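# Residue-level structural notes
What follows is each chain in one-letter form.
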Amino acid sequence: MQPVICFYENKKFIHSTDYQLISCSDEHDALFFLEQIEKDYADQMKVVKINFAALETPFSNDTCKTYVKTPKAQVFVLNSYELVTQKDLENLYPEKMTSRPAYYPTVRENVFLENVQSIKEDICRGRFYQMNYTAALEAEAPERHSLLSSFVHVSDVGGDYRAYLPLGHEEAIHCLSPELFLKKLGPKVITQPIKGTLLSGRALPELQNSRKENAELSMIVDLLRNDLNTLSCDKYNDSSRVNFHRQIMDLKYTAHTYSEVEINTSKKFSEIVARTFPGGSISGCPKKESLKKIAEIENYHRDFYTGSIGWWKGDDFCLNIAIRSSYQKKRQLYYFTGCGIVFDSEPRREWHEFLTKCSFLNLFIEYTPIVDTLAFSDGISYLPEHIERTFLAFRDQMVQIDKYQVQNLYQKIEQELREKIKTADTYKVRAIFNKNLTYRLEITLLEKKNDEVALQLIAFDKFLPQFKTTERSTWDNILKNKSAEADDVLVVNQQGRVVEASIYSVFYKKDGEFFTPPISDGGMYSVYRAHHIKKGSITLDDRTFKLSERSLPTSELESVELYVANSVRGLKKASLLF
């Protein structure tokens, strides 16, 4: 038999190849099923799986895909088992994977961003305060790929609540969860919700000092305190308390903050699960409305993902939140992860958090060649900012590259341009970068254009690209609406704030100071803008003005002096066509 492996105490695992698998069918009540298990197998060690929607009447969404279909609750009743260490597992199952599957997100970046924005709009309307939004990644398993081998030999990226469950012929779940949902030893019940994510190795104070991450975790702690308070009983007459708040959990590939909430109760397993399931950290707050929105917006049924897996014996048990999980059926593989969305979540940051949480996978993101347009006249203008932007653009597409490699690229480009350009004129150079770090250059003499740029206001309620690539369909569609009299468009976002033009960043002068809209309003990373924001000033007609970030509502457009700029043409006066 394939082994059942489940986290236990003191860094040890429950390991069994002698067990009975009992499943709850769709037509039966999961809670009644768990109560029967509680009666029939009270003193035996059990490993349990409870699906995300097992105890709820699922909200219907006919457009959802079913990537995984498992019984809503399953219990492995262990006839015998042993407690083993990680090293024991490696000795028991020494075979390592020789190839890694390539995982593809099942949701495109633009859809993910729009869904996050939709969640934020519901938060603004007061429907809920926070929601956990998730998505699946899929892959085809290489020949002889084994989730068991993967589980045993990727311990360096797993959390403390890992489990491997064989569900049938060529079907298994592999869970690397770092999150504790519920643990009961004697009368004491604890929960340890996780919120906030940062690539490990970056400055951890950035995570600990984040107001957004603090708010996200604090909301869930409050929700879970309320959930645990429903476990209060006459015997203990206890109320929930927070043992610690926002400690750092460093998982090598990523880091999180987490808290611990506790209560004493005499209630049994099935009643505790009934009052607290599903976990607040992977649904939202308030829970019921969050569950409705999850059904509306996610493109798949979660099944076991974000449910719970754990051990259970007598009145004691320990359940994880089944996150960072894989599922295999024959050659088909799925991996699942997600993000917590609150009022001040930035959609693009949430997309990167989503990718960060699965960065240890062989993640395949469809690559679009990166474009950098620069000015050359005996050297590249704003060279440090060009290097920084191209480095960030590669990282945005999950290309593993360091800044030193990008610096070398630009040294080669500058040398090549010096060899090709022998005049003192200024040239416009379009550099197009491939994923393998090769490039091609398009070189043209810089043409003079009007000193003033005429702009046409265009409202746009989608997300604009953050970096320039050869994929220009978004901007091509916007520019179709530009009149012949306009030199460029001035895009306004859904909140009525100015974002940018198609080839320029926006600047404006108000009360003797210069401002530029923040990137969080939806603009692209701009070399010229980055240089002058860092400098803190901008020069116009030999005068230097203070420069800072400030949104520009359309209601202020008639009362400010408008300018546009890029690294090739510099700062230019702009006017609006009404």
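One can find the structure itself at the top, above this paragraph.
Residues numbered from 1 in each chain as written. Predicted model: local features only at pLDDT ≥ 70, side-chain atom pairs only at ≥ 80, totals over all residues. Heavy atoms only, no water.

With that settled, consider the overall build of the chain. Along the chain, the regular secondary structure elements total 13 helices and 31 strands. The globule rule puts the C-alpha radius of gyration for 578 residues at 25 Å, and the 28 Å found for the chain is close to it. Each principal axis of the C-alpha atoms in the chain carries an extent, and together these give about 85 × 50 × 40 Å. Evaluated residue by residue, the chain yields a buried proportion of 54% over its 578 residues. (Helix = DSSP H or I, 4+ residues; strand = E, 2+ residues; numbered from the N terminus. Rg over C-alpha atoms; globule rule 2.2 N^0.38 Å. Buried < 20%, exposed > 50% of the residue type's maximum accessible area, 1.4 Å probe, protein only.)

Glancing now at helix 11 (residues 403–420). Taking 1.5 Å per residue as the helical rise, helix 11 with its 18 residues ought to reach 26 Å, and the 26 Å between its terminal C-alpha atoms agrees with that figure. All of the buried residues in helix 11 are Val-406, Leu-409, Tyr-410, Ile-413, Glu-414 and Leu-417. Projected down its long axis, helix 11 carries its buried residues within an arc of 135°, all on one side. What points out from helix 11, more than 90 degrees from its buried face, is the exposed set Tyr-404, Gln-411, Gln-415 and Glu-419. (Expected span 1.5 Å × (residues − 1). Arc of directions from axis to C-beta.)

So, about the sheet that holds strand 20 (residues 370–376). Taken together, 3 strands build an open sheet; the order of strands is 20-21-22 and the sheet is antiparallel. Bordering the open sheet on either side are strand 20 and strand 22 (439–445), each of which pairs with just one other strand. When strand polarity is set aside, the average angle formed by the axes of neighbouring strands in this sheet is 20°. In the sheet, strand 20 pairs with strand 21 (residues 427–433) via 7 bridges, with the strands oriented antiparallel. Across the sheet, the residue bridging to Phe-376 is Tyr-427, located in strand 21. (Pairing = 2+ DSSP bridges. Axes fitted to C-alpha atoms, helices over the stretch in contact; angles between N-to-C directions.)

Turning our eyes to something else, we now look at the packing of helix 1 (residues 30–40) against helix 7 (residues 269–276). Two numbers describe how helix 1 lies on helix 7: the axes approach to 9 Å, and their chain directions differ by 155°. In terms of orientation, helix 1 lies roughly antiparallel with respect to helix 7. The handedness of the crossing between helix 1 and helix 7 comes out as right-handed. Judged by residue contacts, Leu-31, Leu-34, Glu-35 and Glu-38 of helix 1 engage Phe-269, Ser-270 and Ala-274 from helix 7. (Parallel < 35°, antiparallel > 145°, perpendicular 65-115°, else oblique. Left-handed = near helix turned anticlockwise from the far one by under 90°. Contact = heavy atoms within 4.5 Å.)

Omega for the bond connecting Phe-277 with Pro-278 falls within 30 degrees of zero, at -10°, which places this linkage in the cis form. Omega for the bond connecting Cys-285 with Pro-286 falls within 30 degrees of zero, at -5°, which places this linkage in the cis form. Turning to its location among the elements, Pro-286 is positioned in the loop between strand 14 (284–285) and helix 8 (287–297). At Lys-11, a residue that is not glycine, the phi angle is positive and equals roughly 65°. For Arg-324, which is not glycine, the phi dihedral falls at a positive 50°. Counting through the fold element by element, Arg-324 comes out in the loop between strand 16 (316–320) and strand 17 (325–329).

Pairing is mixed in the open sheet, where 9 strands are placed in the order 25-24-23-31-30-26-27-29-28. The strands lining the two open edges of the sheet, one partner per strand, are strand 25 (498–501) and strand 28 (537–540). Across the sheet, the mean angle from the axis of one strand to that of its neighbour is 40°, orientation sign disregarded. Pairing of strand 26 (residues 505–510) with strand 30 (residues 561–566), which is carried by 5 bridges, proceeds in the antiparallel orientation. Bridge pairing in strand 30 links Phe-507 to Tyr-563. Lying over the sheet, helix 13 (residues 527–535) contacts strand 26, strand 27 (513–516), strand 28, strand 29 (543–549), strand 30 and strand 31 (570–577), oriented at roughly 100° with respect to strand 29.

Attention now goes to helix 9 (residues 347–356). Of all 10 residues making up helix 9, 8 are buried, and the element is well covered by its neighbours. All of the buried residues along helix 9 are Pro-347, Arg-348, Glu-350, Trp-351, Glu-353, Phe-354, Leu-355 and Thr-356.

With that settled, the discussion passes to the nonpolar core. Generally speaking, a soluble globular protein has its nonpolar side chains buried in company with each other. In this structure, Tyr-133, Phe-269 and Phe-336 are the most contacted members of the largest nonpolar core, which totals 111 residues. When residues no more than four places from it in sequence are discounted, the contact partners of Phe-336 are Val-68, Ala-135, Ala-136, Tyr-300, Phe-304, Tyr-305, Arg-324, Ser-325 and Tyr-327. In this structure, Leu-374, Ile-380, Phe-467 and Ala-530 belong to the second largest nonpolar core, which totals 26 residues. (Core = buried A, V, L, I, M, F, W, Y, C linked by side-chain atoms within 4.5 Å.)

To continue, consider the packing of helix 3 (residues 109–124) against helix 9. Two quantities define a packed helix pair, namely the angle between the axes and the distance from one axis to the other. At their nearest, the axes of helix 3 and helix 9 sit 9 Å apart, and the two run at 120° to each other. Comparing the axis directions of helix 3 and helix 9 gives the class oblique. Considering how the two elements wind past one another, helix 3 and helix 9 form a crossing that is right-handed. Of the residues in helix 9, those in contact with Glu-109, Phe-112, Leu-113, Val-116, Gln-117 and Lys-120 of helix 3 are Pro-347, Arg-348, Glu-350, Trp-351 and Phe-354.

Time to look at the packing of aromatic side chains. Evaluated as defined, the whole model comprises 31 aromatic pairs. Geometrically, the ring pair formed by Tyr-334 and Phe-336 is stacked, given 6.5 Å between the ring centres and 25° between the ring planes. Phe-336 matches Tyr-334 in its accessibility class, with the two residues each being buried. We note Arg-550 situated over the ring of Phe-515; from NZ or CZ to the ring centre the distance is 5.8 Å. Its guanidinium or amino end placed over the ring of Tyr-563, Lys-573 lies 5.4 Å from that ring's centre, counting from NZ or CZ. (Phe/Tyr/Trp six-rings, centres within 6.5 Å; stacked < 30°, edge-to-face > 60°. Lys NZ or Arg CZ within 6 Å of the ring centre and 35° of its normal.)

With 7 of its 8 residues buried, strand 7 (residues 161–168) lies for the most part within the structure. Pairing geometry for strand 1 (residues 4–7) and strand 7, over 2 bridges, is antiparallel. Opposite Cys-6, over in strand 7, you have Ala-163 as the bridge partner. Note that strand 7 and strand 8 (residues 171–177) share 7 bridges and pair antiparallel. Opposite Tyr-161, over in strand 8, you have Ser-177 as the bridge partner. What sits between strand 7 and strand 8 in their antiparallel hairpin is a turn of 2 residues, with Glu-170 showing a positive phi close to 55°.

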